Amino acid sequence: MTILVTGSAGRIGKRLAEALLQRGERVRGFDLRPSGITHPLYAETPGAFDDAAAAGAALEGVTAIFHLGAFMSWLPQDQDRLFAANVEGTRRLLEAAITARVRRFVFASSGEVYPEGMPESLPVTEDHATRPRSAYGLTKLLGEELVRWAGRSHGLPFTILRFSHTQDAAELLDPDSMFSGPRFFLQPRIRQQEAFGNRAAVSALRAADDGAPAMVMARNEKGRPFRMMITDTRDMVAGLLLVLDREEMTGETCNLGATLPVDFGTVLPAMAEITGWPLRIVDLPGPGVFYETSNARFRILTGFEPAYPFERMLEEAATAWRAKRMS
Ligand SMILES: NC(=O)c1ccc[n+]([C@@H]2O[C@H](COP(=O)([O-])OP(=O)(O)OC[C@H]3O[C@@H](n4cnc5c(N)ncnc54)[C@H](O)[C@@H]3O)[C@@H](O)[C@H]2O)c1
């Protein structure tokens, strides 16, 4: 039995591949980049998902696939690459999976298939309308539809998991992290908003910038701090492992992530205390981010219980921060 993990060089894919190897599974990675994993039961197929020959080679002899690889970008100039990797790439992998008669196709979708930032009800459950607002969310929804179609038309056994926002604990206090930099640190957030062309946000943020390193607590225009789900990579991996052997997860679509949302009003002061950097509170134009997905369905179906709530992640992030300062 060989299990294919796409995105094997990525945050979640690499950890999942390592966890599967630890369970004694034979694992193949498929990514544009090398994962750096060395293990007697591990092999790698380098290549792009939308390359039919590479996808065919990656799926040869495979019994199950975790399709975790994707291109994540919210920049308008990245849209061609986004649709090629996430939509055409998923179609190619499905084609190859049907030919290889795989017994399980697990697809990493995203909470962005819902209208993030404008939910009709909270917490967002699986029956909430799917109306993505970002092009990235749209590529994930199109990916889901391709997966369901392969299930309907070709009998491909699939499971779709809509991932919450996911990070490594050490990333939380890393200003260079693609996620945490713009989320929690002032200057990276200014650069991000400049790249998005959000002029009003840029001027609000710049007004708080005196040039020294600082953290930022984003609030909406009414002064309400943002709130969102942040899940530890290890919890996502634990959830993914639960799916593999459960027949009852075939054909299911579930949210996967932490149980409770993270309130920026509570955590940012604690984060600033750890870094020793000043905390700038900035009210950004617009309704802001107040987002909460429910993992209840997945927990009921699999017994999943996240082990790394945000407070625990932050403790580890603090250790990583101090270690970096001392090195
Ligand atoms: N991390 C999150 O917050 C989050 C939230 C929701 C959904 N997801 C989904 O979970 C999955 C894993 O996320 P992650 O944080 O590990 O992502 P990541 O960016 O760390 O890893 C993605 C990997 O996919 C590879 N890749 C991208 N385009 C490719 C292509 N065309 N061909 C081959 N390889 C390609 C990249 O090289 C990278 O190693 C993705 O599908 C992502 O969309 C992630």
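Residues numbered from 1 in each chain as written. Predicted model: local features only at pLDDT ≥ 70, side-chain atom pairs only at ≥ 80, totals over all residues.

Draft legend 1. Local environment of the overall build of the protein chain. Each helix and strand counted, the protein chain has 11 helices and 13 strands in total. For the protein chain, the C-alpha radius of gyration of 20 Å lies close to 20 Å, the compact-globule estimate for 327 residues. Taking the principal axes of its C-alpha atoms as reference, the protein chain extends roughly 60 × 45 × 40 Å. The burial tally for the protein chain puts 44% of its 327 residues in the buried class. (Helix = DSSP H or I, 4+ residues; strand = E, 2+ residues; numbered from the N terminus. Rg over C-alpha atoms; globule rule 2.2 N^0.38 Å. Buried ≥ 20, exposed ≤ 12 C-beta atoms within 10 Å, placed from the backbone.)

Draft legend 2. Highlighting the site of the ligand. Inspection of the region around the ligand gives 23 residues, with Gly-10, Arg-11, Gly-69, Ala-70 and Ala-85 positioned closest. If one sorts the elements of the shell around the ligand by residue count, helix 1 (residues 11-22) sits on top with 3 residues. Here the residues of the shell around the ligand are counted per class, giving 12 nonpolar, 8 polar and 3 charged. (Near = placed C-beta within 6 Å. Nonpolar A, V, L, I, M, F, W, Y, C, P; charged D, E, K, R; others polar.)

Draft legend 3. Structural detail: the domain arrangement of the protein chain. When the domains of the protein chain are assigned, the result is domain 1 (2-163) and domain 2 (169-228 + 260-290 + 310-326). Just the C-alpha atoms count here: the centres of domain 1 and domain 2 sit 29 Å apart. (Domains from an automatic or database assignment.)

Draft legend 4. Expanded view of the pairing of strand 1 (residues 2-6). Within strand 1, 4 of the 5 residues are buried, leaving the element largely enclosed by the surrounding structure. Crossover strand 1 to strand 2 (residues 26-31) through helix 1 is right-handed. By the bridge criterion, 5 bridges tie strand 1 to strand 4 (residues 62-67) in an arrangement that is parallel. Pairing of Ile-3 across the sheet is with Ala-64, part of strand 4. (Right-handed = clockwise from strand over helix to strand, strands pointing away. Pairing = 2+ DSSP bridges.)

Draft legend 5. Examining the packing of helix 9 (residues 264-275) against helix 11 (residues 310-326) more closely. Running from N to C, helix 9 and helix 11 cross one another at 20°; their axes reach a closest spacing of 10 Å. In terms of their interaxial angle, helix 9 and helix 11 are classed as roughly parallel. Crossing handedness for the pair helix 9 and helix 11: right-handed. Along its contact with helix 9, which presents Val-267, Ala-270, Met-271, Ile-274 and Thr-275, the element helix 11 presents Phe-310, Leu-314, Ala-318 and Trp-321. Grouping the amino acids of the contact of helix 9 with helix 11 by side-chain chemistry returns 8 nonpolar, 1 polar and no charged. (Axes fitted to C-alpha atoms, helices over the stretch in contact; angles between N-to-C directions. Parallel < 35°, antiparallel > 145°, perpendicular 65-115°, else oblique. Left-handed = near helix turned anticlockwise from the far one by under 90°. Contact = placed C-beta atoms within 7 Å.)

Draft legend 6. Up close: the pairing of strand 4. Here strand 4 lies mainly inside the structure; 5 of its 6 residues are buried. For the crossover from strand 4 across helix 3 (residues 79-100) to strand 5 (residues 104-110), the handedness is right-handed.

Draft legend 7. Region of the structure containing the sheet that holds strand 3 (residues 42-46). With parallel pairing, 7 strands are arranged side by side in an open sheet as 3-2-1-4-5-6-11. The open sheet is flanked by strand 3 and strand 11 (253-256), the only strands paired with a single partner. Ignoring strand direction, the axes of neighbouring strands in this sheet form an average angle of 20°. In this sheet, strand 2 lies alongside strand 1 in parallel orientation, the contact comprising 5 bridges. Bridged to Thr-2 within strand 2 is Arg-26. Along the sheet, helix 1 makes contact with strand 1, strand 2, strand 3 and strand 4, crossing strand 1 at roughly 165°. Taken strand by strand, helix 8 (residues 233-244) contacts strand 4, strand 5, strand 6 (158-163) and strand 11, and its axis lies near 150° from that of strand 5.

Draft legend 8. Structural view of helix 2 (residues 52-59). Inspection of helix 2 places Ala-54, Ala-55, Ala-58 and Leu-59 among the buried residues, and these make up the whole buried set. One side of helix 2 holds all its buried residues, which, seen down the axis, span an arc of 125°. Looking at the packing, one finds that the buried side of helix 2 touches strand 1, strand 2, strand 3, strand 4 and helix 3. Of the residues flanking the end of helix 2, it is Gly-61, one or two places downstream, whose phi is positive at about 75°. (Arc of directions from axis to C-beta.)

Draft legend 9. A look at the nonpolar core. Judged by nonpolar contacts, the single largest core of 49 residues is most densely connected at Leu-16, Leu-59, Ile-65, Ala-97 and Phe-105. When residues of this core are assigned to their parent elements, the largest contribution, 6 residues, is made by helix 3. If sequence neighbours within four positions are ignored, Ala-97 has contacts with Leu-59, Ile-65, Val-102, Phe-105 and Leu-156. Among the nonpolar cores identified, the runner-up in size contains 28 residues, and Ala-169, Ile-190, Val-216 and Met-313 belong to it. (Core = buried A, V, L, I, M, F, W, Y, C linked by C-beta atoms within 7 Å.)

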